[in-house]
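In case you want the letters, here they are:
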Amino acid sequence: MSRSAFFLEGRKRAAARGNLAAALCNCGCVEDGIREFRKALEINPNYALVRVGLARAYFTRGAYREAIEQCDRAIEQGWRFEPSMLEVLNRYRSQLP
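Quick caveat, the model's predicted, so the values are computed rather than measured.

For the pair helix α4 (residues 64-76) and helix α5 (residues 83-95), the least separation of the axes is 10 Å and the interaxial angle reads 135°. Here α4 is positioned oblique relative to α5, judged by the angle of their axes. Handedness of the crossing formed by α4 with α5: left-handed. Contacts from Tyr64, Ile68, Cys71, Asp72 and Ile75 in α4 reach Met85, Leu86, Leu89, Tyr92 and Arg93 in α5.

Pasting the structure below:
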């Protein structure tokens, strides 16, 4: 397998894991979803959309520090959040010790 084919295959696997994670979270299986989001990031750590999904899952679970960390990393990778989402995150950020 060529290097570019291997890279593309990895991206597809990361996307599939991200889709599975989102579906699990939507069905209420947030812990399983978090595990799948993490596996997707092991495959492709630069996948900002997966970081956003992971942040939402952490937020749902009440793990605000982890949610903020993932949002910050997604922003570093070029993701743009809606201003209302950033406002909510900043409120939680200011409450963390």
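Once the structure has been displayed, the description carries forward.
All told, the structure shown has four aromatic pairs when counted by the stated rule. When the ring of Trp79 is compared with that of Phe81, the centres are 6.5 Å apart and the planes differ by 65°; the resulting orientation is edge-to-face. According to the relative accessible area criterion, Trp79 is partly exposed, its value standing at 31%. For Phe81, a relative accessible area of 12% gives the class buried.

Each value, and the rule that gives it
All residue numbers refer to positions counted from 1 along the written sequence of the respective chain. For a predicted model such as this one, the threshold for reporting local features is a pLDDT of at least 70, and the threshold for listing and counting side-chain atom pairs is 80 or more; totals across whole chains, interfaces and linings nevertheless cover every residue. Side-chain calculation: all heavy atoms of the structure are included, whereas hydrogens and water are not. As a rule, the C-alpha atoms of each element are fitted with a line to give its axis, helices using only the stretch in contact, and angles between N-to-C directions run from 0 to 180 degrees. Each helix is a run of H or I in the DSSP string that is no shorter than four residues. Each strand is a run of E no shorter than two, and both are numbered from the N terminus. In this scheme, roughly parallel covers angles under 35 degrees and roughly antiparallel covers those over 145, while 65 to 115 is roughly perpendicular and the rest are oblique. The handedness criterion is simple: a crossing whose near helix is rotated anticlockwise from the far helix by less than a right angle is left-handed, and one whose near helix is rotated clockwise is right-handed. For this analysis, residues touch if any pair of their heavy atoms sits within 4.5 Å. Geometry of aromatic contacts follows a simple scheme: Phe, Tyr and Trp rings, the Trp one being its six-membered ring, pair when their centres are within 6.5 Å, and the pair is stacked under 30 degrees between planes, edge-to-face over 60, tilted otherwise. Relative accessibility thresholds used throughout: buried, under 20% of the residue-type maximum; exposed, over 50%; partly exposed, between the two (1.4 Å probe, protein chains only).

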